Amino acid sequence: MSTRPMTLSTAAAIEAVEGAAVVAVGLYVGVEAIVGSPNDLASAVVLAVMAIAAGVGIVAVGRGLWQVRRWGRAPALLTQIFAVIAAISMIQSSRQILGGVLIVVAVAAAAALLSPPTTRALDQD
């Protein structure tokens, strides 16, 4: 029987999906930089590489949470804080639906990370 509560599983899954989304955006930016005509190719490639690296890191945090590793909570909470900041930017730039969905997902993940069952599971680590 797993010692991982549903709240921690939920947070880990959200974190992993967010990381995969960041990797996908990085890959998209990289492909567009190569086949498109960016204003600054070097900056576009660096941005793509940074996004892919960040996404891989976020997926690793999700994996750490899945494995009930205490160290995963702090970076996962930071991910959610940055997600809310990005969502606010989206809302301000006429992407209200996407920004609203991102806020809901980030708040759900943060609530799952801070819930008592998650805290108990991570304190047993």
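As shown above, the structure is provided for reference.
Residues numbered from 1 in each chain as written. Predicted model: local features only at pLDDT ≥ 70, side-chain atom pairs only at ≥ 80, totals over all residues. Heavy atoms only, no water.

**Let's talk about the overall build of the protein**
- Within the protein, the secondary structure is distributed over five helices and zero strands.
- Relative to its full complement of 125 residues, the protein shows a buried share of 32%.
- The contacts in the protein between residues at least 6 apart in sequence include a share of 69% that link residues at least 24 apart.
- For the protein, the accessible area works out to roughly 7,500 Å², and carbon and sulfur atoms hold 73% of it. (Helix = DSSP H or I, 4+ residues; strand = E, 2+ residues; numbered from the N terminus. Buried < 20%, exposed > 50% of the residue type's maximum accessible area, 1.4 Å probe, protein only. Contact = heavy atoms within 4.5 Å. Areas by Shrake-Rupley, 256 points an atom, 1.4 Å probe, with all protein chains shown as cover.)

**A closer look at helix α4 (residues 96-114)**
- The end-to-end C-alpha distance of α4 is 27 Å, a good match for the 27 Å that 19 residues give at a rise of 1.5 Å each.
- Listed as buried for α4 are Gly99, Ala106, Ala109, Ala110, Ala112 and Leu113. One face of α4 carries all of its buried residues, which in axial projection span an arc of 160°. Along α4, exposed side chains directed more than 90 degrees from the buried face belong to Ile97 and Val104.
- Those residues of α4 that are buried lie in contact with α1 (6-35), α2 (41-66), α3 (73-92) and α5 (116-123). (Expected span 1.5 Å × (residues − 1). Arc of directions from axis to C-beta.)

**Some words on the side chain of Ser115**
- Within the secondary structure, Ser115 sits in the loop between α4 and α5.
- Here Thr7 takes part through its side chain, which lies 3.2 Å from a polar atom of the side chain of Ser115. (Polar contact = N/O pair within 3.5 Å; in protein donor to acceptor, adjacent residues only side chain to side chain.)

**Considerations on the side chain of Thr118**
- Tracing the backbone shows Thr118 in helix α5.
- On the accessibility criterion, Thr118 (0% relative accessible area) is buried.
- A polar atom in the side chain of Thr118 sits 3.4 Å from the backbone nitrogen of Leu8.
- If sequence neighbours within four positions are ignored, Thr118 has contacts with Pro5, Thr7, Leu8, Ala112 and Leu113.

**Description of a nonpolar patch on the surface**
- Taken together, the side chains of Leu78, Ile81, Phe82 and Ile85 make up a nonpolar region of the molecular surface, amounting to roughly 410 Å² of accessible area.
- Checked against the element boundaries, Ile81 lands in helix α3.
- Classification of Ile81 by relative accessible area gives partly exposed; the value is 47%. (Patch = residues over 30% accessible without salt bridge, like charges linked within 9 Å, V, L, I, M, F, W, Y side chains within 5 Å. Salt bridge = Lys/Arg side-chain N within 4 Å of Asp/Glu carboxyl O.)

**Observations concerning unusual backbone geometry**
- Of note, Val68 is a non-glycine position whose phi angle comes to about 60°, a positive value.
- In this fold, Val68 is placed in the loop between α2 and α3.
- Since its relative accessible area comes to 12%, Val68 is described here as buried.
- Backbone geometry places Ser94, a non-glycine residue, at a positive phi of 65°.

**Re the packing of α2 against α3**
- Two numbers describe how α2 lies on α3: the axes approach to 9 Å, and their chain directions differ by 130°. One way to sum up the angle between α2 and α3 is to call them oblique. For the crossing formed where α2 meets α3, the hand is left-handed. In contact with Ile58, Val61 and Leu65 of α2, α3 contributes Arg73, Pro75, Ala76 and Thr79.
- Among the residues forming the contact of α2 with α3, the class breakdown is five nonpolar, one polar and one charged. (Axes fitted to C-alpha atoms, helices over the stretch in contact; angles between N-to-C directions. Parallel < 35°, antiparallel > 145°, perpendicular 65-115°, else oblique. Left-handed = near helix turned anticlockwise from the far one by under 90°. Nonpolar A, V, L, I, M, F, W, Y, C, P; charged D, E, K, R; others polar.)

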